[in-house]
There are 2 protein chains.
Amino acid sequence: MTLPPTHPLVDGRTSDAALVRAYRGSLTPHVPVWFMRQAGRSLPEYRELRAGGDMLAACLDPATASEITLQPVRRHGVDAAIFFSDIVVPVLLAGVDVRIVPGRGPVLGTPVRTARDIADLPELDPADLAPVRDAVERTVDALGATPLVAFAGAPFTLASYLVEGGPSKDQLRARALAVADPDAFAALLAWCARTSGAFLRAQVEAGASAAQVFDSWAGSLSRESWRTQVARHTARTFAALDGLDVPTVHFGTGTGPILDLLPHFGAGVVGVDWRTPLDEAARAVPGWPLQGNVDPAVLGAPWPVIEAHVLDVLERGRAASAHVLNLGHGVPPETDPEVLTRIVRLVHEVTATGASTGEDAR
Amino acid sequence: MTLPPTHPLVDGRTSDAALVRAYRGSLTPHVPVWFMRQAGRSLPEYRELRAGGDMLAACLDPATASEITLQPVRRHGVDAAIFFSDIVVPVLLAGVDVRIVPGRGPVLGTPVRTARDIADLPELDPADLAPVRDAVERTVDALGATPLVAFAGAPFTLASYLVEGGPSKDQLRARALAVADPDAFAALLAWCARTSGAFLRAQVEAGASAAQVFDSWAGSLSRESWRTQVARHTARTFAALDGLDVPTVHFGTGTGPILDLLPHFGAGVVGVDWRTPLDEAARAVPGWPLQGNVDPAVLGAPWPVIEAHVLDVLERGRAASAHVLNLGHGVPPETDPEVLTRIVRLVHEVTATGASTGEDAR
């Protein structure tokens, strides 16, 4: 498809934004910053809006999803919005029985465990992504020059929810399927890649300026198993964006042992969790832009501790070709929002350069 | 203390056992094998014995704990028994309000979150470990030449339960305490090391032939944080065995990035989870005996898949100075016990050598 003339990548609204420039490895007027899970649970204005309402209903109501996406941009002055959604949203839209249980996470009506179950998974009709497109369009209109990052689950992480039937500690059932029936496992990952890929593409077509794939559970696999059984499906998720020319980010936890593989499978930017220092990550993927990795466990500490940690992350991030400051995992629900605002201010102040090549896009 | 004349290390009952020899890096008539969590939930005879009774009550009843410890030795012909217990048993015996919630795990009456909470933790009186000693003595008597491995939690893993108040996904609160109040965190780890250390020492004094520390959650820490904040407390747990001259094993999950550090902090044998191939682990700790690492996710696969995987683990294990075959994590509850028996038989058969330097101790 051809992007519409109002698309931010065509009209140039976000092409000079610090985030987009950093994701492309270009110089930026300051280190851009946003926070995974900035939209949602840690914000009082979010809790007020949701007021106990159903999570997936909120994701599928364009006005609500858009408002939740915008809240942290208004409040913190971050360099990007991340689309408020859940990795099972496209699964639900495909027709799978899934809901979000508060305090637990996505739960399947019936887990997907056999080759038969997998063959029976319904295909997602891109037309059914209309509420997602609508929410993104509203959001992008309101954001102006601030880029929106599209959001989707990586195939293994999404597949793990489907096989386990809900969140799990070590994804044992999903890993068991990979061993016991590699063909069925591959078919499931291919379905997940198509479904997440269509979800991601819809967001970018509707105006998102970058796309991040979330792979919370990649770390439960051995490097060998990720490389031989999973990586090509992760690459297919990114390949769903072919022709759209937006920067892509892979983020997973426990991915230290596979960081060097990620650029070979579609990740234009490598997200790093709290375990691997950025200078070490930069040695694993030399020349690659990095995103991360303030330890969420630090956010409850006294400010001088937080400040010292953020400065250390920035210093280590200088080893990368470009650095987008983020957390090493999602914002914990009990985080004081004021702390996040203060981190944004700190990062912008200490990294501001006179060497700006474009306008500060914020 | 001096070991009693009937102690297996004094009377030599287990000193020639394949497990003890391998743990010491000596030649063995075959690769010894046992399974983490072999005692318990996967065995019908265990479920019958427990019949829904309270988990901690079973741990503290010497006849029951001993019987559960012996069941898998009888059934599978493994080369070692692992003492049936829970890492919170010494915490309970110290007087902390903790119970095991079925399907969830250890839950604290009141989580331990502040310096005050930590200072108020009661000290364990070694005399209160009497039911543990009693259970071990009964077990060792029944085991004869088969060695018993003593069991305790590593300080960080134990501390995480105390701070979180129960099982958690990423030990965020425990890691937050480490950052926000390093002195309180150190005091908590020191308490855990004393408590687990006393628990381990009681088991060895009562007749256990080796001691393993379980560190399920070490992998949620960065290498730097483990090295600077946790490692010395792990070493103290092992140091509780000073003078008893038994082999020591460290097992954790997600410990790939810290394997090379473990021998510096008291681990005579390095346990390896399912993520790191043993030949790679052997390069991290050259010359060290390794234990592991059959992927528990394989146990539900068809036998030829299991067999090929076990043979691959054995082959890679040859890179170590000695190898004890085990799983890369605990036996999943739904495992068919027959599969475990078959693995023991396979390992013994394919690794049997004519070059035995002692009697096969099984």
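Residues numbered from 1 in each chain as written. Chains lettered and ligands numbered in written order. Predicted model: local features only at pLDDT ≥ 70, side-chain atom pairs only at ≥ 80, totals over all residues. Heavy atoms only, no water.

**Focus on the overall build of chain A**
Turning to step 1, where the next piece is worked out: When helices and strands are counted, chain A shows 15 helices and nine strands.
Turning to step 2, where the next piece is worked out: Its C-alpha atoms give chain A a radius of gyration of 19 Å, within 12% of the compact-globule value 21 Å for 362 residues.
Turning to step 3, where the next piece is worked out: Looking at the 362 residues of chain A, the share that counts as buried comes to 62%.
Turning to step 4, where the next piece is worked out: Across chain A, contacts joining residues at least 24 apart in sequence account for 74% of those joining residues at least 6 apart. (Helix = DSSP H or I, 4+ residues; strand = E, 2+ residues; numbered from the N terminus. Rg over C-alpha atoms; globule rule 2.2 N^0.38 Å. Buried < 20%, exposed > 50% of the residue type's maximum accessible area, 1.4 Å probe, protein only. Contact = heavy atoms within 4.5 Å.)

**Some points on the relation of the copies chain A and chain B**
Turning to step 1, where the next piece is worked out: If you rotate chain A by 180° and push it 0.0 Å along the axis, it lands on chain B with an RMSD of 0.0 Å. Taken together, the turn and the small shift mark the pair as related by a two-fold rotation axis. If distances are taken from each C-alpha of chain A to the rotation axis, the shortest is found for Lys169(A), at 3.4 Å.
Turning to step 2, where the next piece is worked out: When the interface residues of chain A are mapped onto chain B, 100% of them are again interface residues, pointing to one common binding face. (Least-squares fit on C-alpha atoms with pLDDT ≥ 70 in both.)

**Quick notes on unusual backbone geometry**
The bulk of non-glycine residues show a negative phi, and the bulk of peptide bonds are trans.
All names here are of chain A.
Turning to step 1, where the next piece is worked out: In this structure, Asn293 follows Gly292 across a cis peptide bond, with omega equal to -20°.
Turning to step 2, where the next piece is worked out: Positionally, Asn293 belongs in strand β8 (residues 290-294).
Turning to step 3, where the next piece is worked out: Phi is positive for Arg37, close to 65°, though the residue is something other than glycine.
Turning to step 4, where the next piece is worked out: Along the chain, Arg37 turns up in the loop between α2 (18-23) and α3 (44-50).
Turning to step 5, where the next piece is worked out: One non-glycine residue, Gln171, lies in positive phi territory at about 55°.
Turning to step 6, where the next piece is worked out: Residue position: Gln171 is located in the loop between α9 (155-164) and α10 (172-180).
Turning to step 7, where the next piece is worked out: Among the residues examined, Gln171 registers a relative accessible area of 2% and is labelled buried.

**Things to note about the sheet that holds strand β5 (residues 210-215) of chain A**
Residues and elements named next belong to chain A.
Turning to step 1, where the next piece is worked out: Read across the open sheet, the seven strands follow the order β1-β4-β5-β6-β7-β8-β9; overall the sheet is parallel. Looking at strand neighbours, the two that pair on one side only are β1 (81-82) and β9 (323-327), the edges of this open sheet.
Turning to step 2, where the next piece is worked out: Summarising the sheet, β8 and β9 pair through five bridges and their orientation is parallel. Looking at the pairing, Gly292 lines up with Leu325 of β9. (Pairing = 2+ DSSP bridges.)

**Some points on the interface of chain A and chain B**
Turning to step 1, where the next piece is worked out: Contacts between the two partners involve 23 residues from chain A and, on the opposite side, 23 residues from chain B.
Turning to step 2, where the next piece is worked out: Seen at the junction of chain A and chain B, the total is two salt bridges.
Turning to step 3, where the next piece is worked out: With its nearest N and O atoms 3.0 Å apart, the salt bridge here joins Asp295(A) to Arg175(B).
Turning to step 4, where the next piece is worked out: Counting the contacts that link chain A with chain B gives six residue pairs in polar contact (both at pLDDT 80 or more).
Turning to step 5, where the next piece is worked out: The residue makeup of the side of chain A that touches chain B, split by class, is 13 nonpolar, four polar and six charged. (Salt bridge = Lys/Arg side-chain N within 4 Å of Asp/Glu carboxyl O. Polar contact = N/O pair within 3.5 Å; in protein donor to acceptor, adjacent residues only side chain to side chain. Nonpolar A, V, L, I, M, F, W, Y, C, P; charged D, E, K, R; others polar.)

**Regarding the packing of aromatic side chains**
Turning to step 1, where the next piece is worked out: If you walk through the whole model with that rule in mind, you get twelve aromatic pairs over all chains.
Turning to step 2, where the next piece is worked out: An aromatic cluster of three or more residues is present, and its members are Phe151(A), Phe214(A) and Phe251(A). (Phe/Tyr/Trp six-rings, centres within 6.5 Å; stacked < 30°, edge-to-face > 60°.)

**Quick notes on helix α15 (residues 337-351) of chain B**
Residue and element names in this part refer to chain B.
Turning to step 1, where the next piece is worked out: Here α15 contains 15 residues, and its C-alpha end-to-end distance of 22 Å stays within 8% of the 21 Å for a straight helix at 1.5 Å per residue.
Turning to step 2, where the next piece is worked out: Taken residue by residue, α15 has Pro337, Val339, Leu340, Thr341, Ile343, Val344, Leu346, Val347, His348 and Thr351 as its buried positions.
Turning to step 3, where the next piece is worked out: Check the buried side of α15 and you find it contacts α3 (44-50), α5 (62-76), α14 (303-317) and β9 (323-327).
Turning to step 4, where the next piece is worked out: The backbone nitrogen of Glu338 lies 3.0 Å from a side-chain oxygen of the residue at the head of α15, namely Asp336. (Expected span 1.5 Å × (residues − 1).)

**Section: the UniProt feature "site: Transition state stabilizer" (unreviewed entry) in chain A**
All names here are of chain A.
Turning to step 1, where the next piece is worked out: Taking the UniProt record as the reference, the feature "site: Transition state stabilizer" (unreviewed entry) is found at Asp86.
Turning to step 2, where the next piece is worked out: The residue Asp86 is located in the loop between β1 and α6 (89-94) in this model.
Turning to step 3, where the next piece is worked out: Contact partners of Asp86, with chain neighbours within four places excluded, come to Met55, Leu56, Cys59, Ile100, Pro106, Phe151 and Phe199. (UniProt positions renumbered as here; feature names shortened; annotations may be inferred.)

**A look at the side chain of His323(A)**
All names here are of chain A.
Turning to step 1, where the next piece is worked out: Counting through the fold element by element, His323 comes out in strand β9.
Turning to step 2, where the next piece is worked out: The exposure class of His323 is buried, given its relative accessible area of 7%.
Turning to step 3, where the next piece is worked out: At 2.8 Å, the side chain of His323 forms a polar contact with the backbone oxygen of Gly292.

**Let's talk about the pattern of salt bridges**
Residue and element names in this part refer to chain A.
Turning to step 1, where the next piece is worked out: Enumeration over the complete set of coordinates arrives at 34 salt bridges over all chains.
Turning to step 2, where the next piece is worked out: Two residues, Glu164 and Arg173, come together in a salt bridge whose shortest N-O distance is 4.0 Å.
Turning to step 3, where the next piece is worked out: Of the charged contacts in the structure, one is a salt bridge between Arg227 and Glu224, with a shortest N-O distance of 3.2 Å. On the criterion of helical spacing, the pair formed by Arg227 and Glu224 is a turn pair, its members being three residues apart in helix α12 (residues 223-239).
Turning to step 4, where the next piece is worked out: Owing to a relative accessible area of 39%, Arg227 belongs among the partly exposed residues under this scheme.
Turning to step 5, where the next piece is worked out: Each of Arg133, Arg201 and Glu205 takes part in salt bridges that share partners, so that together they form one network.

**Remarks on the sheet that holds β9(B)**
Residue and element names in this part refer to chain B.
Turning to step 1, where the next piece is worked out: Taken together, seven strands build an open sheet; the order of strands is β1-β4-β5-β6-β7-β8-β9 and the sheet is parallel. The open sheet has two edge strands with one neighbour each: β1 (81-82) and β9.
Turning to step 2, where the next piece is worked out: Across two bridges, strand β6 (residues 248-252) lies against strand β7 (residues 269-271) in parallel orientation. Across the sheet, residue Val249 finds its bridge partner in β7, namely Val269.

**Description of the packing of helix α5 (residues 62-76) of chain A against helix α8 (residues 130-143) of chain A**
Residues and elements named next belong to chain A.
Turning to step 1, where the next piece is worked out: Where α5 contacts α8, the axes come no closer than 8 Å and their chain directions differ by 35°. Both α5 and α8 take part in a crossing whose hand is right-handed. Residue-level contacts link Pro62, Ala63, Ala65, Ser66, Thr69, Leu70 and Val73 of α5 to Pro131, Asp134, Ala135, Arg138, Thr139, Ala142 and Leu143 of α8.
Turning to step 2, where the next piece is worked out: Taken together, the residues of the contact of α5 with α8 sort by class into nine nonpolar, three polar and two charged. (Axes fitted to C-alpha atoms, helices over the stretch in contact; angles between N-to-C directions. Left-handed = near helix turned anticlockwise from the far one by under 90°.)

**A closer look at the UniProt feature "binding site: substrate" (unreviewed entry) in chain A**
Residue and element names in this part refer to chain A.
Turning to step 1, where the next piece is worked out: UniProt's entry tags Arg37, Gln38, Ala39, Gly40, Arg41, Asp86, Tyr161, Ser216 and His329 with the feature "binding site: substrate" (unreviewed entry), counted in the numbering of this structure. These residues run over 293 residues, and the two farthest C-alpha atoms among them are 22.6 Å apart, placing them at more than one spot.
Turning to step 2, where the next piece is worked out: A residue is classified by how much of its surface remains accessible, and Arg37, at 49% relative accessible area, is partly exposed.
Turning to step 3, where the next piece is worked out: Not counting the four nearest positions on each side in its chain, Arg37 is found in contact with Gly330 and Val331.
Turning to step 4, where the next piece is worked out: With respect to the helices and strands, the residue Gln38 is situated in the loop between α2 and α3.
Turning to step 5, where the next piece is worked out: On the basis of relative accessibility, which here comes to 0%, the residue Gln38 falls in the buried class.

**Describing the pairing of strand β6 (residues 248-252) of chain A**
All names here are of chain A.
Turning to step 1, where the next piece is worked out: Counted residue by residue, β6 has five buried out of five residues, so it is predominantly covered.
Turning to step 2, where the next piece is worked out: The two faces of β6 match: Thr248, His250 and Gly252 on one face and Val249 and Phe251 on the other face are all buried.
Turning to step 3, where the next piece is worked out: As paired elements, β5 and β6 share five bridges and run parallel to each other. By the bridge assignment, Gln212 is partnered in β6 with Val249.
Turning to step 4, where the next piece is worked out: With α12 bridging β5 and its parallel neighbour β6, the resulting β-α-β unit is right-handed. (Right-handed = clockwise from strand over helix to strand, strands pointing away.)

**What about the packing of α9(A) against helix α11 (residues 182-205) of chain A?**
Residue and element names in this part refer to chain A.
Turning to step 1, where the next piece is worked out: Across the interface, α9 lies against α11 with an axial gap of 9 Å and an inter-helix angle of 115°. Classified by the interaxial angle, the pair formed by α9 and α11 is roughly perpendicular. Of the two possible hands of crossing, α9 and α11 adopt the one that is right-handed. Taken together, the residues of α11 that come into contact with α9 (itself represented by Pro155, Phe156, Leu158, Ala159, Leu162 and Val163) are Phe185, Leu188, Leu189, Trp191, Cys192, Ala193 and Ser196. (Parallel < 35°, antiparallel > 145°, perpendicular 65-115°, else oblique.)

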